[in-house]
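For reference, the chains in residue letters:
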Amino acid sequence: MKHSLNISNLSVHLEGRSILRKISLDIAAGEFAVVLGDNGAGKTTLLRAILGLTPKTSGIIILFGRQISWRNRRALQRRIGYVPQWLPFDETMPVSAREVIAIGRCARIGVGRRLGAGDRGIVEEAAEMAGVGRLLDRPVGQLSGGERQKVQIARAICQEPELLLLDEFSAHLSESAGRDCLQLLGKLHRQNRFTILMVTHDIAGIPAECRRAIVLAGGTKQFDGSLGDWRGNHD
């Protein structure tokens, strides 16, 4: 079986505190998995360690069959789309949704390179996939919270990622907007077979396409299996 991600005995210590302890997991290509846990469980640290943004204390992280090192980290990062909780920006700046989405394309082809006609077509295609094609020329500051996060999803998929990481991206949205964005992820997975690893607090809104739950508590993995089984034990 081909894997997008393999983690073995990952531990992370920050400022003298143990944040993650001996985490091991494998994410198959095309899989949709959710990471659950209370605040402080280590969910965000796990994603940041995968991205190479937080240094690991010990353990092994393998992306797309290659172990992360300082030599290949940037090349591997280009193959990952990342949507954080919220990207702060100056709402008065005249930045369009098209320009924000194009950032993902620049991340794929390399910063400083000009976008060609094909790249611009991918930007528009990603916007349509995320349901924001009609908003491309609107200033991001004029969009609703849900629309902004869909723009961020479009930015990530514009990168043509082999792995999508999403960190509580619906946490600051209204319930309806958050559920709408979560259902969009289900649609993207169903239609495009993106490999998705998502952190969320909205257990009820997890789309049906997500079949696996990874539960963290106190920096350790407490459960890793069927989302349906986990729900059945926590209703």
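Structure first, text after, so check above.
The structure reproduced in this document is the subject of the present report. (Residues numbered from 1 in each chain as written. Predicted model: local features only at pLDDT ≥ 70, side-chain atom pairs only at ≥ 80, totals over all residues. Heavy atoms only, no water.)

1. A short note on the layout of surface pockets
Put simply, the rule reads: Lining residues are defined by having an atom within 4 Å of a point belonging to a cavity or pocket. Those points lie on a 1 Å grid over the protein atoms alone, cavities being sets where a 1.4 Å probe fits but cannot get out and pockets being open sets with protein on both sides within 12 Å along at least five of seven lines. Grid points are joined across faces, edges and corners, and a volume is the space filled by probe spheres set on the points. Working definition: helices are DSSP H or I runs of at least four residues, strands are E runs of at least two. Numbering for both runs from the N terminus. Think of it as three bins: nonpolar holds Ala, Val, Leu, Ile, Met, Phe, Trp, Tyr, Cys and Pro, charged holds Asp, Glu, Lys and Arg, and polar takes everything else, Gly as well.
Considering only enclosed or pocket space, the largest pocket measures out at about 450 Å³ in volume. Lining the largest pocket are 16 residues, with Gln77, Arg78, Ile80, Ala107 and Gln159 positioned closest to its centre. For the lining of the largest pocket, the secondary-structure elements that each account for two or more residues are α2 (73–77), β6 (80–83) and α3 (97–109). Among the elements that take part in the lining of the largest pocket, α3 stands out by supplying 4 residues, more than any other. Size it by volume and the second largest pocket reaches roughly 290 Å³. Along its surface, the second largest pocket is lined by 19 residues, and Gly40, Gly42, Lys43, Thr44 and Thr45 are the ones closest to its centre. When residues of the lining of the second largest pocket are traced back to their parent elements, those giving at least two are β2 (17–28) and α1 (43–51). When residues in the lining of the second largest pocket are grouped by element, the largest group, 4 residues, is from α1. Among the residues making up the lining of the second largest pocket, the classes are represented as 4 nonpolar, 10 polar and 5 charged.

2. Quick word on the packing of α3 against helix α4 (residues 117–129)
Rules: Between N-to-C directions, angles span 0 to 180 degrees; the directions come from axes that are lines fitted to C-alpha atoms, helices contributing only their stretch in contact. Roughly parallel means an angle under 35 degrees; roughly antiparallel, over 145; roughly perpendicular, 65 to 115; everything else is oblique. Two helices cross in a left-handed way if the nearer one is turned anticlockwise from the farther one by less than a right angle. They cross in a right-handed way if the turn is clockwise. Contact between two residues is taken to exist if any of their heavy atoms lie within 4.5 Å; hydrogens are not considered.
Running from N to C, α3 and α4 cross one another at 125°; their axes reach a closest spacing of 9 Å. Here α3 is positioned oblique relative to α4, judged by the angle of their axes. In the packing of α3 onto α4, the handedness of the crossing is right-handed. Two secondary-structure elements touch here, α3 through Arg98, Ile101, Ala102, Arg105 and Ile109 and α4 through Asp119, Ile122, Val123, Glu124, Ala126 and Ala127. In terms of residue class, the contact of α3 with α4 is made up of 7 nonpolar, no polar and 4 charged.

3. Examining the state of the cysteines
Short version of the rule: The disulfide definition used here is simple: a pair of cysteine sulfur atoms within 2.5 Å. The classification of residues rests on relative accessible area computed with a 1.4 Å probe and restricted to protein chains. Under 20% of the type maximum is buried, over 50% is exposed, and intermediate values are partly exposed.
Counting across every chain of the model gives 0 disulfides. Left without a disulfide partner, cysteine 181 is nearest to the cysteine sulfur of cysteine 210, which lies 16 Å away. A relative accessible area of 0% places cysteine 181 in the buried class.

4. Describing the pairing of β6
Note the following rule: Strand pairing is defined by DSSP finding a minimum of two bridges between the two strands.
Judged by which residues are buried, β6 turns out to be covered on both faces: Ile80 and Tyr82 on one side and Gly81 and Val83 on the other are all buried. Taken together, the 4 bridges between β6 and strand β7 (residues 163–167) define a ladder with parallel strand orientation. Note that in β7 the partner of isoleucine 80 across the bridge is leucine 163.

5. Quick notes on the sheet that holds strand β5 (residues 66–67)
Taking strand neighbours across the sheet as the criterion, the 4 strands line up as β2-β1-β4-β5 in an open arrangement whose pairing is antiparallel. The outermost strands of the open sheet, each flanked by one partner alone, are β2 and β5. Pairing of strand β1 (residues 3–14) with strand β4 (residues 58–63) involves 5 bridges; the strand directions are antiparallel. Pairing of isoleucine 7 across the sheet is with isoleucine 61, part of β4. The strands touched by α1 are β1, β2 and β4; relative to β1, the strand with the most contacts, the crossing angle is about 115°.

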